Structure formats: structure tokens, C-alpha cells
Amino acid sequence: MTDEDRERWDRRYAAQGLGDGEPSAALVELAPWLPRRGRALDLAGGRGENARWLDAQGLAVTLTDLSEVALDLARRLFERSGASIERRRVDLEREPLPPGPWELVLCCSYLQRELVPAVAAALAPGGRFVWIHPTTTNLQRHPRPGSRFLLEPGEAERLVRAAGLRPCWSQEAWVGRGDDARFLARVIAERPPEPSRGRRRSRRSIEGTGPTCDGA
Ligand SMILES: C[S@@+](CC[C@H](N)C(=O)[O-])C[C@H]1O[C@@H](n2cnc3c(N)ncnc32)[C@H](O)[C@@H]1O
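Description of the structure in this document. Values in this document were obtained by computation on a predicted structure and should not be read as measured data.

## Things to note about the overall build of the chain
On a plain count of helices and strands, the chain comes out with six helices and seven strands. Mapped in sequence order, the helices and strands of the chain form the string α-α-β-α-β-α-β-β-α-β-α-β-β. The C-alpha radius of gyration of the chain comes to 17 Å, within 12% of the 17 Å expected for a compact globule of 216 residues. The dimensions of the chain, computed from C-alpha atoms along their principal axes, are 60 × 40 × 35 Å. Residues classed as buried in the chain amount to 39% of the 216 residues present. A separation of at least 24 residues holds for 64% of the contacts in the chain among residues at least 6 apart in sequence.

Here you go:
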């Protein structure tokens, strides 16, 4: 990420201001699959709308982003709602992920393919990675983002499998209504729980995790 790119994001957020504070509907729909306890990491989480929603779900959230302006807007959003969320300025192209283990890692509308193995390594056993990103099919209705910022069809699921994660649920579809609809890959993938040593094997290592992950 060049200084120019960072300044571009800063300018964009300065122009947009706080916004409505609402989380992504594409994320909220996935609520039943998310853990309700533990630590959550929001990668490139911008102004923190999704982080605030995760906090309200019961998770201890760390928000990362490159843009100081976005992180400052997030601070104001969190103060307004009394949410206690750690904010960290991280250039994900140059710096490592904040240390895990994480029960949940969210990556929404940020594409950096090399990050997937690092996410897999940072997850707690049984922890889940939620990846929401448009694919090239989105170009059928929207000229932006351009193809270099988009996933190929089927790619999200391939990448999480290659990183050793087990997809629990995966979908590629138009999400949203009318002009707002985006063609999104949404994948929920789990780091396989460590085998239990006791006689009774628990299939859920993380309390509060929704439907069990049997592999999609
Ligand atoms: C399209 S926005 C998505 C924001 C948020 N995840 C959401 O869904 O609303 C992309 C975000 O990536 C951040 N970003 C871009 N490059 C980054 C990098 N190298 N490291 C960390 N964040 C970065 C931008 O500042 C911006 O907030």
C-alpha cells in the first residue's frame, strides 16, 4: 500500500464522514454462524460499523485499518454507542496480523489473497473466518470495483480450503435489492477443532458457535 493509496482512503472517509453506522446486511444475515464469545478481528474494517455490530453480539473486537481517518470515525461511532473496541492502525500489506488466537476473523470488502493462510494460522481451533467479497460476476451490473479488485468465481472457497480451513457455508449470489445488489462470495470457514483427548469428543470447541461445521 503506497502513501498515495492511504491518502486516497483518508480523503474518501473524510468526505463521507460518519455515515449511518449500520453494519453490512450481508454480514448480519450470517449471524447464526458466528461465535458469540471470544475475540474477533475485523480486517480492514473501515469506520467500524461491522465491528460495532460484532461487539453487540458479545465478541471482544479488534478493528484494524490502514486509514487513520476511518479509525477516528470508528472511535466516534463506538463512543456514541458505548462500545469498547480496540482500534489498531495496520497496513495489512506490510505488517503481520495482530496476534491471535481469534475466535472470529472477518474480512469484508478487502482483497488480499496472501492474507488467507495468515488468517488460518491466527484462528483458534474451531474459530471461524468470514469472508465477504464481490466476484467478477459483479461487473455484469457495476463497472466498479474493477476486475483486479474482485475474486474469480469459486476462488474464495478454493483459497480457504488451500489454507487448511473447512468451509461450513459458502454462497456466491446477488445480495441486496435493486441497484444496491452486489454479487458476493460469502464463505464461512472453520479451523478444524483439535481432536479431544477425552472419551467424549466435543464437536464445538468454541462456546456460542452456531451450527456445527461439517464441511460444505
Ligand atoms: C471497501 S473498504 C471496506 C471497509 C469495511 N470492511 C466495510 O466492509 O465496510 C476497504 C478498506 O480497506 C482499507 N485498506 C486498504 N488497504 C489496506 C491495507 N493495506 N491495510 C489495511 N487496511 C487497508 C481501507 O482503508 C478501507 O477501509
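## Describing the site of the ligand
With respect to spatial proximity, 18 residues lie near the ligand, and among them Ala44, Gly46, Leu66, Leu92 and Cys108 are the closest. Of the residues belonging to the shell around the ligand, the class tally is nine nonpolar, six polar and three charged.

## Observations concerning the sheet that holds strand 3 (residues 86-89)
Ordered by their spatial adjacency, seven strands build an open sheet running 3-2-1-4-5-7-6, and the pairing between neighbours is mixed. Every interior strand has two partners, whereas the edge strands, strand 3 and strand 6 (166-175), have only one. Sheet twist, expressed as the mean angle between neighbouring strand axes with direction ignored, is 15°. Sheet topology places strand 5 (residues 123-134) next to strand 7 (residues 182-190); seven bridges connect them, and they run antiparallel. Counted as the bridge partner of Pro134 is Leu184 from strand 7. Here helix 6 (residues 155-162) sits on the sheet and contacts strand 5, strand 6 and strand 7; the angle it forms with strand 7, its principal contact strand, is near 20°.

## Regarding helix 6
For helix 6, the set of buried residues is Ala156, Glu157, Leu159 and Val160. Projected down its long axis, helix 6 shows its buried positions confined to an angular sector of 165°, all on one face. Of the surrounding elements, those touching the buried residues of helix 6 are helix 5 (115-122), strand 5, strand 6 and strand 7. At the C-terminal side of helix 6, Gly164 shows a positive phi close to 90°.

## Examining the nonpolar core
If you look at the biggest cluster of nonpolar residues, it comprises 52 residues, and the most contacted ones within it are Val105, Leu106, Phe129 and Val160. By residue number, the principal contributor to this core is helix 4 (residues 68-81), which donates seven residues. Not counting chain neighbours up to four residues away, the residues in contact with Leu106 comprise Ala40, Asp42, Leu43, Asn50, Leu54 and Val130.

## Remarks on helix 4
Its 14 residues place the ends of helix 4 20 Å apart at the C-alpha level, agreeing with the 20 Å of an ideal helix rising 1.5 Å per residue. Here helix 4 has its buried residues at Val69, Ala70, Leu71, Leu73, Ala74, Leu77 and Phe78. Those residues of helix 4 that are buried lie in contact with helix 1 (3-16), helix 3 (49-56), strand 2 (60-65) and strand 3. Backbone geometry just after helix 4 places Gly82 at a positive phi near 70°.

## Some words on the environment of Phe149
By the secondary structure assignment, Phe149 is in the loop between strand 5 and helix 6. Phe149 gets classed as partly exposed once you count the C-beta atoms within 10 Å, which come to 14. Residues Phe149 and Thr135 lie 14 residues apart in sequence; the distance between their C-alpha atoms is 8.7 Å.

## Here we look at the packing of helix 1 against helix 4
Packing of helix 1 against helix 4 leaves a shortest axis separation of 7 Å and a crossing angle of 35°. For the pair helix 1 and helix 4, the contacting residues are Trp9, Asp10, Tyr13 and Ala14 in the first and Glu68, Val69, Ala70 and Leu73 in the second.

## Looking at unusual backbone geometry
The omega torsion across Gly100 and Pro101 is 0°, close enough to zero to call that bond cis. Looking at where Pro101 falls in the secondary structure, it is placed in the loop between strand 3 and strand 4 (102-108). Look at the link from Arg144 to Pro145: it is a cis peptide, with omega at 0°. Tracing the sequence through the fold places Pro145 in the loop between strand 5 and helix 6. Of note in this structure, Ala44 is not a glycine but carries a positive phi near 50°. Structurally, the position occupied by Ala44 is in the loop between strand 1 (39-43) and helix 3.

How each quantity is defined
Residues numbered from 1 in each chain as written. Predicted model: local features only at pLDDT ≥ 70, side-chain atom pairs only at ≥ 80, totals over all residues. Helix = DSSP H or I, 4+ residues; strand = E, 2+ residues; numbered from the N terminus. Rg over C-alpha atoms; globule rule 2.2 N^0.38 Å. Buried ≥ 20, exposed ≤ 12 C-beta atoms within 10 Å, placed from the backbone. Contact = placed C-beta atoms within 7 Å. Near = placed C-beta within 6 Å. Nonpolar A, V, L, I, M, F, W, Y, C, P; charged D, E, K, R; others polar. Pairing = 2+ DSSP bridges. Axes fitted to C-alpha atoms, helices over the stretch in contact; angles between N-to-C directions. Arc of directions from axis to C-beta. Core = buried A, V, L, I, M, F, W, Y, C linked by C-beta atoms within 7 Å. Expected span 1.5 Å × (residues − 1).

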